[in-house]
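# Close look at the chain arrangement
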Amino acid sequence: MNNKCFYFAVAALLGVLSSFFFFLSVFFCFILYFYLLYMFKNFTRQQLVTVLVLFFTFFYTGQHTITHNTTKLPDALTNFYLKYTENTKVDGDLLQVMAFDIQYKEKLLIRYKIKSEAEKEALKNTIFYGRICHVYGILADPSIAKNHNAFNYRKYLAGKQIYKIVEVDHNPLNKCAEVKSTPITFIKKVRFTGIKYLEKHFPAEIAALSAALIYGDRSMFAPEVLINYQKTGIVHLLAISGLHVSLLIGMVFYLGLRVGLTRQFMINFLLFLLPVYAILTGASPSVIRAVLMLFLVLLVVRWKKQIKLSPMDVISLTLMIYVFFSPLIIFDAGFQLSFSVSYGIIISAYSIFPRYKGILSAMVVTSIIAQLAAIPILLYHFFEISFIGILANLLYIPLFSYVFLPGFYLLYLIQLIFGAAPSFLITFFMKIITLANGLIEKLADLSFAQLVTGRPNMLLFIIYLVIIVTIFLTWEAGLYQKQRLKVILLAFILITFQNIWNWANPFGEVSMIDVGQGDSILIHYPFGKGTYLIDTGGTIQFEEDEWKKSANPFETGRDVVVPFLKGKGITKLDKLILTHGDSDHIGGALAVLKEIEVSQIIMPSVAEQSNLESDIIQEAKIKGIPVIMVAEGSYWENEKSKFYVLSPKENFQGERNSGSIAITANIGGLNWFFGGDLDQEGEERIITKYPNLKIDVLKAGHHGSKTSTSEQFISKIKPAVSWISVGEHNRYGHPHDEVLEQLENTTIYRTDIHGAITYRFYQESGTFSSFLHMIKQ
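In short, a report on the structure.

Conventions used here
Residues numbered from 1 in each chain as written. Predicted model: local features only at pLDDT ≥ 70, side-chain atom pairs only at ≥ 80, totals over all residues. Heavy atoms only, no water. Helix = DSSP H or I, 4+ residues; strand = E, 2+ residues; numbered from the N terminus. Rg over C-alpha atoms; globule rule 2.2 N^0.38 Å. Buried < 20%, exposed > 50% of the residue type's maximum accessible area, 1.4 Å probe, protein only. Contact = heavy atoms within 4.5 Å. Areas by Shrake-Rupley, 256 points an atom, 1.4 Å probe, with all protein chains shown as cover. Lys, Arg positive; Asp, Glu negative; His and termini not counted. Charge placed at Lys NZ, Arg CZ, Asp CG, Glu CD. Pairing = 2+ DSSP bridges. Axes fitted to C-alpha atoms, helices over the stretch in contact; angles between N-to-C directions. Phe/Tyr/Trp six-rings, centres within 6.5 Å; stacked < 30°, edge-to-face > 60°. Patch = residues over 30% accessible without salt bridge, like charges linked within 9 Å, V, L, I, M, F, W, Y side chains within 5 Å. Salt bridge = Lys/Arg side-chain N within 4 Å of Asp/Glu carboxyl O. Disulfide = S-S within 2.5 Å. Polar contact = N/O pair within 3.5 Å; in protein donor to acceptor, adjacent residues only side chain to side chain. Parallel < 35°, antiparallel > 145°, perpendicular 65-115°, else oblique. Left-handed = near helix turned anticlockwise from the far one by under 90°. Nonpolar A, V, L, I, M, F, W, Y, C, P; charged D, E, K, R; others polar. Expected span 1.5 Å × (residues − 1). Arc of directions from axis to C-beta.

Right, let's talk about the overall build of the protein chain for a bit. What the protein chain contains, in helices and strands, is 27 helices and 26 strands. Taken over C-alpha atoms, the radius of gyration comes to 29 Å for the protein chain, in line with the 28 Å a tight globule of 777 residues would show. For the protein chain, the spread of C-alpha atoms along the three principal axes comes to 95 × 70 × 55 Å. Classification of the 777 residues of the protein chain by burial places 49% in the buried group. In the protein chain, the share of contacts with a sequence separation of at least 24, taken over all contacts with a separation of at least 6, comes to 70%. Accessible surface computed for the protein chain: about 37800 Å², of which carbon and sulfur atoms make up 61%. Taken as two groups, the 69 positive and 61 negative side-chain charges of the protein chain have centres that lie 15 Å from each other.

Here's what the structure looks like:
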């Protein structure tokens with residue numbers, strides 16, 4: 001089709017996008033695109049009609065998806081008849097499994113708190129497929145993102161057509177009936193059995209890699225190992241992709257011919273095998289892309305070239321088929337990365353790759369092209385990229401392609417046939433994995449190789465695309481002396497312009513991050529004049545049996561605060577202010593110190609420090625970060641503001657909340673009061689010593705507890721706006737009704753209702769906004 005499918009795919013994507021975003025804006029882009037095809041690409045009338053038909057067809061599919069992208073279940077429903085559709089996930093004492101409600105024809109996520117260790121082991125090893133089960137439970141909505149750039153679980157599940165969670169209080173297999181197995185169910189049973197077989201018969205490290213490379217399952221990996229793979233830019237090697245599918249299919253095809261089967265028979269066999277393989281390996285976006293592409297290629301070969309498709313045509317047809325049946329997949333990061341990298345490599349195959357004949361040079365070029373194609377998507381979803389990824393790919397792609405992939409298939413087959421794999425092979429692979437994981441850990445710790453820019457807005461995203469396309473076009477034209485300098489300059493602009501943009505931003509902000517039942521406030525001045533974080537939130541850990549513990553428990557600093565900062569392109573804090581030693585205020589500090597550069601830590605001058613405070617001081621000592629103990633009378637200033645410490649007294653002795661650091665400052669034209677969990681006794685000390693203190697914005701003490709924010713304190717400082725950091729449905733009943741009554745003459749912002757709260761200012765004036773209000777507009 002002479003690469004015309006690429007232009008058809010663009011029209012199809014514009015059609016889908018026009019249904020999900022502002023129709024008029026995207027439609028205008030389509031009209032411009034249509035005009036360019038007519039004027040400069042010499043499209044025939046028939047081809048232009050095809051472009052129009054594709055645009056409106058995909059617009060309709062998007063609209064149809066939007067119309068039906070909602071639950072049909074009544075909120076009061078408690079009885080469910082379920083058919084389980086995916087493998088179970090057991091983490092600690094929580095079981096999760098996707099199911100299909102037979103009555104309402106809707107997908108659901110089932111969650112069950114496991115009652116005992118024995119029940120946990122039984123559930124982990126039980127195949128849920130092939131049953132219809134009667135389950136009693138309570139419907140719940142998935143959680144939503146309440147901070148800027150945070151992971152939106154509700155949106156993630158909606159992309160999988162799951163709109164409700166069912167919380168069940170009994171074993172979800174208690175009332176079940178066996179049903180006749182379908183071919184798909186049978187394949188899924190084989191996958192589940194195969195993964196469990198690997199887990200049982202191989203060491204954990206080999207089992208984890210084997211499950212990832214053979215079945216596309218990464219559940220057995222230790223969380224820290226996965227994080228290291230992500231940081232070094234090689235996590236794609238743990239996902240089954242075109243490389244894995246091509247190697248496997250090529251091997252099967254070769255073996256078939258060697259044993260005497262005809263070429264035509266093997267093509268027909270592979271056409272049957274590919275859909276089976278997609279289901280067997282988990283049907284991730286990268287698997288579906290690779291399988292669809294190979295399926296189309298084999299169809300063309302089977303038709304004896306009655307139709308000609310170039311690689312560009314194949315990937316473009318694959319994109320259209322995939323998006324037509326699953327329009328919401330365009331929002332999936334895996335889908336975006338898989339297709340963007342594949343397009344980059346295919347486009348480069350015509351004009352760039354032929355110049356690099358050596359194996360090493362070709363690998364370097366491939367790695368660079370893949371990184372370039374992935375940059376905008378990586379920055380949008382993860383806010384950072386790793387320069388070490390090019391080197392890591394050079395080392396690990398051959399290792400995975402020529403050692404791990406064939407080696408683990410061989411081990412698996414030997415184990416299946418003979419009941420035991422040779423110990424020398426196990427030892428050999430264990431040593432290689434240990435060395436590989438050790439090197440990944442070292443590479444992941446190279447912080448200088450990480451570029452954190454924050455999430456690009458639409459304008460910045462377009463700039464990224466323009467620069468990357470220009471680099472490819474310049475590279476394609478030939479890297480002569482002037483062209484080489486141009487590419488170097490463009491690459492420099494590519495990796496610096498967003499950080500320069502962040503630094504040159506004339507707007508500042510004060511943001512209360514929604515950390516649940518805790519505190520964390522970011523103060524960020526324009527033009528890099530100061531970045532301060534007051535508290536880090538924290539997760540209160542309770543003692544529990546080992547079997548109940550999650551492999552990767554939620555940690556506020558790592559999972560909320562650090563992404564919030566990185567999403568804004570913040571990699572350095574001038575001051576980390578820890579108001580007092582309670583875990584809900586400073587429990588996330590160690591995670592912040594691990595990921596974010598901190599110039600200085602400020603802590604209260606108290607006679608006795610908590611264990612957490614001692615741990616933070618020890619970590620600061622290791623990292624060479626000065627720790628300053630402040631008390632009443634301490635202050636610091638930047639070019640815009642002066643920060644005064646009003647509490648505690650030096651070497652404070654007493655209840656920890658009463659010894660919280662209390663700070664006042666003028667920021668963006670308003671007077672602010674940040675008092676941690678300061679109690680009424682501490683407030684009284686402040687208004688006694690500073691009777692003329694006037695505050696515009698009050699951060700209410702202790703999450704709105706009635707032990708803080710006294711009526712006397714409010715009447716003295718007369719705030720116009722009150723911020724309350726409080727967890728949704730918290731066990732303490734915060735904020736207290738009495739406190740809300742005392743603040744009734746102020747504008748109240750609460751993180752449990754409003755999500756993250758931001759005051760964005762320019763010079764001496766600004767506006768307040770709440771995250772949940774913004775996303776509803």
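Moving on, we get to the sheet that holds strand 23 (residues 721–724). Overall, mixed pairing links the 7 strands, which are arranged 18-19-20-21-22-23-24 in an open sheet. In this open sheet, the two edge strands, each paired with only one partner strand, are strand 18 (635–637) and strand 24 (747–750). Each strand axis lies, on average, 15° off the axis of its neighbour in the sheet, ignoring direction.

Time to look at the sheet that holds strand 10 (residues 508–512). Each strand in a sheet pairs with its neighbour through backbone hydrogen bonds, running either in the same direction (parallel) or in the opposite one (antiparallel). With respect to topology, 8 strands assemble into an open sheet ordered 17-16-14-12-11-10-25-26, the strand pairing being mixed. Both edges of this open sheet fall to strand 17 (627–630) and strand 26 (765–770), since each of them pairs with a single strand only. If you compare each strand with its neighbour and ignore which way they point, the axes differ by 15° on average. Relative to strand 26, strand 25 (residues 757–762) runs antiparallel, the two sharing 6 bridges. The residue of strand 26 that forms the bridge with F761 is G766. Sheet strands in contact with helix 22 (residues 611–623) are strand 16 (601–604) and strand 17, and its direction is about 150° off that of strand 16.

Here the distance between the centres and the angle between the planes together describe a pair of aromatic rings. Applying the stated criterion across every chain, the model contains 51 aromatic pairs. Aromatic pair Y153 and Y156: ring centres 6.2 Å apart, planes at 15°, arrangement stacked. Of this pair, Y153 and Y156 are both found in helix 5 (residues 153–158), 3 residues apart, which corresponds to roughly one turn of the helix. Summarising the aromatic geometry, the rings of Y322 and F335 are spaced 5.4 Å apart at their centres and angled 80° between planes, so their arrangement reads as edge-to-face. Of this pair, Y322 sits in helix 12 (residues 311–325) while F335 sits in helix 13 (residues 333–351); the two residues are 13 residues apart in sequence, bridging distant segments of the chain. Of the residues examined, F335 reaches a relative accessible area of 5% and is grouped as buried.

Negative charge collects at one region of the surface, where E117, E121, E543, E544 and D545 lie side by side. Mapped onto the fold, E543 is located in the loop between strand 12 (531–534) and helix 19 (556–567). The class for E543 is exposed, based on a relative accessible area of 80%.

This next bit is on the state of the cysteines. Going through the model one piece at a time under the given rule, you end up with 1 disulfide. Paired through a disulfide, C133 and C176 show a sulfur-sulfur distance of 1.9 Å. One quick way to see it: the torsion about the S-S bond of C133 and C176 is about 105°, and its sign makes the bridge right-handed. You can see C133 sitting in strand 5 (residues 131–140) and its partner C176 sitting in strand 7 (residues 176–178), a full 43 residues away along the chain. The class of C133 is buried, set by a relative accessible area of 0%. Here C176 falls in the partly exposed class, since its relative accessible area comes to 30%.

To continue, consider a nonpolar patch on the surface. On the surface, L32, Y35, L36, Y38, M39 and F40 cluster together into a nonpolar patch covering about 650 Å² of accessible area. The class of L32 is partly exposed, set by a relative accessible area of 44%.

This brings us to the side chain of H134. Structurally, H134 can be placed in strand 5. Within the structure, H134 has its side chain in polar contact with the side chain of N79 (distance 3.5 Å).

Viewed as axis vectors pointing N to C, helix 13 and helix 14 (residues 359–382) meet at an angle of 150°, and their least axial separation amounts to 9 Å. Taken as axis vectors, helix 13 and helix 14 run roughly antiparallel relative to one another. With respect to the hand of their crossing, helix 13 and helix 14 are arranged in right-handed fashion. Of the residues in helix 14, those touching helix 13 at A333, Q336, L337, S340, V341, G344, I345 and S348 are T366, I369, A370, A373, A374, I377, L378 and H381. Residues belonging to the contact of helix 13 with helix 14 are distributed by class as follows: 10 nonpolar, 6 polar and no charged.

Moving on to helix 17 (residues 458–477). Its 20 residues give helix 17 an end-to-end C-alpha distance of 29 Å, which sits within 8% of 28 Å, the value for a rise of 1.5 Å per residue. Taken together, the buried positions of helix 17 are occupied by L460, Y464, I467, I468, I471, F472, T474 and W475. Down the axis, helix 17 shows its buried residues gathered within 165° of arc, on one side only. Turned more than 90 degrees off the buried face of helix 17, the exposed positions are M458 and L473. Of the surrounding elements, those touching the buried residues of helix 17 are helix 13, helix 14 and helix 18 (481–504). The distance from a side-chain oxygen at the start of helix 17 to the backbone nitrogen of L459 is 3.2 Å, and the residue carrying that oxygen is N457.

This part covers the pairing of strand 1 (residues 79–84). Of the two faces of strand 1, only one is covered, namely that formed by F80, L82 and Y84; the face formed by N79, Y81 and K83 stays uncovered. Where strand 1 meets strand 5, 5 bridges bridge the pair, whose relative direction is antiparallel. Looking at strand 5, one finds that Y81 is bridged to H134. Here strand 1 pairs with strand 3 (residues 94–101) via 3 bridges, running antiparallel. Along strand 3, the bridge assignment pairs Y84 with A99.

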